[in-house]
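Notes for the structure review
Listed below, chain by chain, are the residues.
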Amino acid sequence: MDFNVKKLASDAGVFFSRAMQFTEEKLGQAEKTELDAHFENLLARADCTKNWTEKILRQTEVLLQPNPSARVEEFLYEKLDRKVPSRVTNGELLAQYMTEAANDFGPGTPYGKTLIKVGETQRRLGAAERDFIHSASINFLTPLRNFLEGDWRTISKERRILQNRRLDLDACKARLKKAKAAEAKAALWSDEVEKAEHELRLTQTEFDRQAEVTRLLLEGISSTHVNHLRCLHEFVESQTNYYAQCYQYMLDLQKQLGRFSGTFIGNAESTSPPPAATSPPAVAAATLPAVPTIPVVPTIVGVPSTVAESVLNPNEVKPPASGTRKARVLYDYEAADSTELALLADEMITVYSLPGMDPDWLIGERGNQKGKVPVTYLELLS
């Protein structure tokens with residue numbers, strides 16, 4: 001019991017001494033031991049690393065899970081050390097709705113068939129998103145969290161100890177200074193000077209030892225940067241694969257829907273024939289061209305506004321004075337009738353649109369040949 005009382009009294013005395021020293025330093029009434037410039041730079045670099053790591057971590061979490069309620073739920077499961085339940089992605093939910101709608105409208109109808117095709121692509125997009133989130137969480141978010149909850153906590157703890165050691169050291173310096181001032185007035189204070197010098201040597205040793213421990217931890221921030229750099233590369237790679245998958249899925253869907261271009265847009269009884277093209281060859285996602293855009297062409301003087309709706313012989317249509325573009329053919333295309341232009345992969349043709357024309361089709365020219373061509377089979381060039 002007596003030992004505990006003495007220990008509490010000693011701890012209270014140390015706390016009071018540190019508080020007094022800290023207060024006097026803030027008021028400019030006491031001297032403060034300054035750390036060397038290299039040590040201060042290490043401290044600043046560590047603080048900068050911690051602050052930006054927190055911001056990058058939080059924003060990456062928002063990127064992967066925009067729903068704040070879902071993020072809170074995942075955080076609670078993580079803290080309780082329980083497995084986060086599997087959650088349906090937005091793409092997968094949309095796919096479910098489209099499939100159910102197709103069954104109600106009739107899976108054999110044009111709208112129902114298209115809903116099924118689009119829904120299947122949305123399901124694949126949702127699955128790709130799930131894989132990306134899982135990969136990014138393991139390879140990027142987890143290392144950042146480990147640093148903040150592990151290494152940084154250790155650094156913070158040792159910095160607090162170093163701060164206390166410095167306050168003890170400066171308090172001892174202040175006591176020694178007072179003892180020497182008193183000794184100059186009365187020889188009776190020589191014992192106090194010796195005691196103060198002994199305490200100063202002890203606190204100086206403890207301070208130097210703690211400073212070295214803290215310095216080594218701070219220098220380890222360089223290794224942290226190297227590790228986070230590797231994780232960042234892995235995050236970029238997984239994100240690249242995700243977007244490449246999405247692009248490939250959408251390009252495949254666009255080509256499937258391109259075979260029915262003009263059949264269901266605006267007029268369910270449209271006589272525009274579907275392109276009877278052979279299936280385009282598979283292309284690696286990394287080398288796929290940009291999705292073509294449809295050129296906007298001003299109204300052509302002398303051509304009726306309904307010309308595009310009744311074009312039966314494109315050879316009789318003259319190209320506009322402006323608005324024509326060059327295009328590279330992506331895949332072979334077999335013309336369905338005399339109004340269409342057959343295409344060969346990698347050839348260059350001139351294309352343009354007409355007012356009121358179906359946006360999925362363009363007029364293409366190659367030498368003296370002319371005819372309708374599907375936009376999805378072209379790469380429009382500037």
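Scroll up for the structure.
Residues numbered from 1 in each chain as written. Predicted model: local features only at pLDDT ≥ 70, side-chain atom pairs only at ≥ 80, totals over all residues. Heavy atoms only, no water.

1. Section: the overall build of the protein
Short version of the rule: Runs of E in the DSSP output that reach at least two residues are strands. Runs of H or I that reach at least four are helices, and both are numbered from the N terminus. Relative accessibility thresholds used throughout: buried, under 20% of the residue-type maximum; exposed, over 50%; partly exposed, between the two (1.4 Å probe, protein chains only). Whether two residues are in contact is decided by their heavy atoms: any pair within 4.5 Å suffices.
In terms of regular secondary structure, the protein is built from seven helices and five strands. Taken from N to C terminus, the helices and strands of the protein fall in the order α-α-α-α-α-α-α-β-β-β-β-β. In the protein, which comprises 382 residues, the share counted as buried stands at 35%. Sequence separation of at least 24 residues holds for 71% of the intrachain contacts in the protein that already meet a minimum separation of 6.

2. Description of unusual backbone geometry
A positive phi is found at Asp 346, a non-glycine position, where the angle reads about 80°. Looking at where Asp 346 falls in the secondary structure, it is placed in the loop between strand 1 (325-329) and strand 2 (348-352). We classify Asp 346 as exposed; its relative accessible area is 54%.

3. Observations regarding the packing of helix 4 (residues 90-105) against helix 5 (residues 110-183)
Filter applied, for reference: The axes used here are C-alpha line fits, helices contributing only the stretch in contact, and every angle between their N-to-C directions lies in the interval 0 to 180 degrees. The scheme is simple: roughly parallel for angles under 35 degrees, roughly antiparallel for over 145, roughly perpendicular for 65 to 115, oblique for anything else. Crossing handedness follows the turn of the near helix against the far one: under a right angle anticlockwise gives a left-handed crossing, and clockwise gives a right-handed one.
Their axes nearest at 7 Å, the elements helix 4 and helix 5 cross at an angle of 165°. The angle between the axes of helix 4 and helix 5 places the two elements in the roughly antiparallel class. Considering the relative orientation of helix 4 and helix 5, their crossing is left-handed. Packed against helix 4, whose contacting residues are Gly 91, Glu 92, Leu 94, Ala 95, Met 98, Ala 101, Ala 102 and Phe 105, the element helix 5 presents Tyr 111, Gly 112, Leu 115, Ile 116, Val 118, Gly 119, Gln 122, Arg 123, Gly 126, Ala 127 and Arg 130 at the interface.

4. Some details on the nonpolar core
Put simply, the rule is: Joining through side-chain atoms within 4.5 Å is the link that ties buried Ala, Val, Leu, Ile, Met, Phe, Trp, Tyr and Cys residues into a set, and such a set is a nonpolar core.
Phe 39, Phe 132, Phe 140 and Leu 218 are the most contacted members of the largest nonpolar core, which totals 34 residues. Counting residues per element, the ones that place at least two in this core are helix 2 (37-64), helix 5, helix 6 (190-219) and helix 7 (221-258). For this core, the element with the most residues is helix 5, which contributes 16 residues. Excluding anything up to four places from it in sequence, Phe 132 contacts Leu 64, Phe 235, Ser 238, Gln 239 and Tyr 242. Val 329, Leu 341, Leu 354 and Tyr 377 belong to the second-largest nonpolar core, a separate cluster that totals 21 residues.

5. Observations regarding helix 2
Formally: Expected span of a helix: the number of residues minus one, times 1.5 Å. N or O atoms closer than or at 3.5 Å make up a polar contact, with two conditions inside protein: a donor-capable atom paired with an acceptor-capable one, and, for residues adjacent in sequence, both atoms drawn from side chains.
Between its terminal C-alpha atoms helix 2 stretches 40 Å, which fits the 40 Å expected from 28 residues at 1.5 Å a residue. Within the span of helix 2, buried status applies to Phe 39, Leu 42, Leu 43, Ala 46, Thr 49, Lys 50, Thr 53, Leu 57, Thr 60, Glu 61 and Leu 64. Those residues of helix 2 that are buried are in contact with helix 3 (68-79), helix 5, helix 6 and helix 7. Near the N-terminus of helix 2, the side chain that reaches the backbone nitrogen of His 38, with its oxygen 3.1 Å away, is that of Asp 36.

6. Observations concerning the environment of Leu 94
Of note, Leu 94 is situated in helix 4. Assessed through its relative accessible area of 34%, Leu 94 is described here as partly exposed. In this structure the C-alpha to C-alpha distance between Leu 94 and Gln 122, which are 28 residues apart in sequence, comes to 6.8 Å.

7. Considering the packing of aromatic side chains
Cut-off, in case you're wondering: Between 30 and 60 degrees the pair is tilted, below 30 it is stacked and above 60 it is edge-to-face, where a pair is any two Phe, Tyr or Trp rings, Trp via its six-membered ring, whose centres lie within 6.5 Å. Any Lys NZ or Arg CZ found within 6 Å of a ring centre and within 35 degrees of that ring's normal is scored as a charge over the ring.
Applying the stated criterion across every chain, the model contains eight aromatic pairs. Between the aromatic rings of Phe 105 and Tyr 111, the centroid separation amounts to 5.3 Å while the plane-to-plane angle is 20°, which identifies the pairing as stacked. By relative accessible area, which is 47% here, Phe 105 ends up partly exposed. Here Tyr 111 falls in the exposed class, since its relative accessible area comes to 52%. Geometry around Trp 52 places Lys 55 over its ring, the cationic atom sitting 4.6 Å from the centre. For Lys 372, the ring lying beneath its charged end belongs to Trp 361, and the centroid distance is 5.1 Å.

8. Some remarks on the sheet that holds strand 4 (residues 369-374)
We apply this condition: Being paired, for any two strands, means DSSP has found at least two bridges between them.
A sheet is described by the order of its strands in space; here five strands give the open sequence 4-3-2-1-5, paired in antiparallel fashion. Of all the strands in the sheet, the pair left with one neighbour each is strand 4 and strand 5 (378-380). Across the sheet, the mean angle from the axis of one strand to that of its neighbour is 40°, orientation sign disregarded.

9. Details of the pattern of salt bridges
Our working definition: Salt bridge, as applied in this entry: a Lys or Arg side-chain nitrogen positioned within 4 Å of an Asp or Glu carboxyl oxygen.
With the rule as written, the count across this model stands at 17 salt bridges. Its salt-bridge partner being Arg 215, residue Glu 212 comes within 3.9 Å of it at the nearest N-O pair. Remark: Arg 215 and Glu 212 occur in helix 6; sequence separation between them is three residues, near one turn of the helix. A salt bridge links Asp 346 to Arg 328; its shortest N-O distance comes to 2.9 Å. Taken together, the positions of Asp 346 in the loop between strand 1 and strand 2 and Arg 328 in strand 1 put the pair 18 residues apart, joining distant regions of the chain.

10. Some thoughts on the pairing of strand 1
Judged from the four bridges that link them, strand 1 and strand 2 form a sheet pairing that is antiparallel. Note that in strand 2 the partner of Arg 328 across the bridge is Met 348. Where strand 1 lies against strand 5, three bridges are found, and the strand directions are antiparallel. Paired with Ala 327 across the strands is Leu 380, a residue of strand 5.

11. Section: the pairing of strand 3 (residues 361-366)
Most of strand 3 is tucked away, with five of its six residues classed as buried. Judged from the six bridges that link them, strand 3 and strand 4 form a sheet pairing that is antiparallel. Across the sheet, the residue bridging to Glu 365 is Lys 370, located in strand 4.

12. Describing the side chain of Thr 350
By the secondary structure assignment, Thr 350 is in strand 2. For Thr 350, the side chain forms a polar contact with the side chain of Lys 326, separated by 3.1 Å. Contacts of Thr 350, omitting those with residues within four sequence positions, involve Thr 324, Arg 325, Lys 326, Ile 363, Gly 364 and Glu 365.

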